[in-house]
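Residue-level structural notes
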Amino acid sequence: MTAKPNCETHSEYKRFDDASENLLATKGNSDIQRRKGLRCETNMNSIRCSFQRLSLLNNKPFLNELVGTLRRSIVLTGKSFSYDQSTDYQDDTDEYENEQKKLKWLDYNNKFFPIQSPNEERRPAYVCHMKANVKYSPKKLWYIACFVRGMTVDEAIKQLSFMHKKGAVIVKETILEAQNLAVSKHNVEFKSNLWVAESFCTKSMVYKGIRRHARGRIGEVRYTYSSYFVRLEEGKPPENYYLPIPKTGEQHLESWLKQMRMRKIINSL
């Protein structure tokens with residue numbers, strides 16, 4: 001038989017459980033969380049405090065309930081954030097400015113270039129866009145990001161529509177948002193006259209969760225997030241994005257003759 005905890009200890013655990021449930025209720029509402037400034041540090045402090053109390057607890061049903069509460073609280077901390085410049089944030093202007101400072105990739109859209117002379121080649125327009133903190137593995141998203149490089153926008157959207165993967169939906173939405181931004185804010189005349197110049201992903205934040213095992217043991221679960229970046233450029237894509245331009249027959253003949261004429265006989269004049 002398991003030893004029952006004291007009344008004072010049990011009431012203290014009950015108060016702690018009520019406080020954790022209230023914290024989950026406040027974290028469920030994203031608007032209240034954003035306006036009150038609640039952060040993950042508050043949740044992690046409560047989790048750290050609860051683990052210190054686990055060593056003094058002998059009641060298994062209450063232990064399972066507490067571990068389940070902690071697991072739900074950790075899972076709720078991971079939230080997907082999609083940045084869209086076309087959205088109008090009227091109530092959160094200060095937060096919008098702070099987030100824009102953090103995202104360095106979007107600063108390339110505000111870069112000014114010197115005026116070109118009439119003899120110079122026309123500089124093509126471009127637009128940079130991203131989708132941050134997506135609940136998807138960066139190892140899986142990397143294949144799809146490399147797949148659309150060097151394609152036109154229409155071809156990339158067409159190919160991604162036939163891929164039955166979550167990452168394909170993420171990349172497709174980001175490219176469509178970047179296409180709308182290019183037409184509305186970057187003076188691109190034809191939305192089909194764009195191609196994917198850069199497409200890559202990076203590893204974002206990682207949240208750690210709890211998974212219960214047999215005999216009261218606990219395993220660690222990692223919830224990985226990733227960020228996707230894309231740059232669309234005006235004009236037609238190059239014929240060879242990765243490999244160099246293949247040589248023609250005349251160029252191969254010239255290189256072969258050059259190698260033959262550079263031959264040297266050893267120990268000769």
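Structure: above.
The structure contained in this document is the topic of the report that follows. Quantities reported herein were computed from a predicted structural model and do not represent experimental measurements. (Residues numbered from 1 in each chain as written. Predicted model: local features only at pLDDT ≥ 70, side-chain atom pairs only at ≥ 80, totals over all residues. Heavy atoms only, no water.)

Summarising the sheet, strand E2 (residues 194-212) and strand E3 (residues 218-234) pair through 16 bridges and their orientation is antiparallel. Across the sheet, residue serine 199 finds its bridge partner in E3, namely valine 230. Following E2, the chain reverses through five residues before pairing antiparallel with E3; arginine 215 in that reversal takes a positive phi of roughly 60°. (Pairing = 2+ DSSP bridges. Helix = DSSP H or I, 4+ residues; strand = E, 2+ residues; numbered from the N terminus.)

Counted according to the given criterion, the structure contains zero disulfides. Free of any disulfide, cysteine 146 has its nearest cysteine sulfur in cysteine 201, 7.3 Å distant. Residue classification places cysteine 146 among the buried residues on the basis of a relative accessible area of 17%. (Disulfide = S-S within 2.5 Å. Buried < 20%, exposed > 50% of the residue type's maximum accessible area, 1.4 Å probe, protein only.)

Another point: the pattern of salt bridges. The tally for this structure, following the rule as stated, stands at five salt bridges. For arginine 122, the salt bridge identified is with glutamate 234, shortest N-O distance 3.6 Å. A residue pair is termed long-range when its members are at least 10 positions apart, and arginine 122 in the loop between helix H5 (93-102) and strand E1 (126-134) and glutamate 234 in strand E3 qualify at 112 residues. For glutamate 234, a relative accessible area of 13% translates into the label buried. When the shortest N-O distance is used, the salt bridge between lysine 131 and glutamate 177 registers 3.7 Å. On the criterion of sequence distance, the pair formed by lysine 131 in strand E1 and glutamate 177 in helix H8 (residues 166-185) is long-range, its members being 46 residues apart. Looking at lysine 131, the relative accessible area reads 6%, which means it is buried. Residues joined in a network through salt bridges with shared partners are Glu198, Arg231 and Glu233. (Salt bridge = Lys/Arg side-chain N within 4 Å of Asp/Glu carboxyl O.)

So, on to the sheet that holds E3. If you walk across this open sheet you meet the three strands as E1-E3-E2, and the pairing is antiparallel. Both outer strands of the open sheet, E1 and E2, are each paired with one neighbouring strand and no more. The mean inter-strand angle of the sheet, taken between neighbouring strand axes irrespective of direction, is 10°. As paired strands, E1 and E3 are joined by seven bridges and run antiparallel to one another. From the neighbouring strand, valine 134 faces E3, where its bridge partner is serine 226. Packed on one face of the sheet, helix H6 (residues 138-147) meets E2 and E3 and runs near 165° to E2. (Axes fitted to C-alpha atoms, helices over the stretch in contact; angles between N-to-C directions. Contact = heavy atoms within 4.5 Å.)

A cluster of basic residues, Lys135, Lys140, Lys165 and Lys166, forms a positive patch on the protein surface. Within the secondary structure layout, lysine 140 lies in helix H6. Exposure remark for lysine 140: the relative accessible area of 52% places this residue in the exposed category. (Patch = residues over 30% accessible without salt bridge, like charges linked within 9 Å, V, L, I, M, F, W, Y side chains within 5 Å. Areas by Shrake-Rupley, 256 points an atom, 1.4 Å probe, with all protein chains shown as cover. Lys, Arg positive; Asp, Glu negative; His and termini not counted. Charge placed at Lys NZ, Arg CZ, Asp CG, Glu CD.)

The analysis is restricted to geometry; functional conclusions fall outside its scope.
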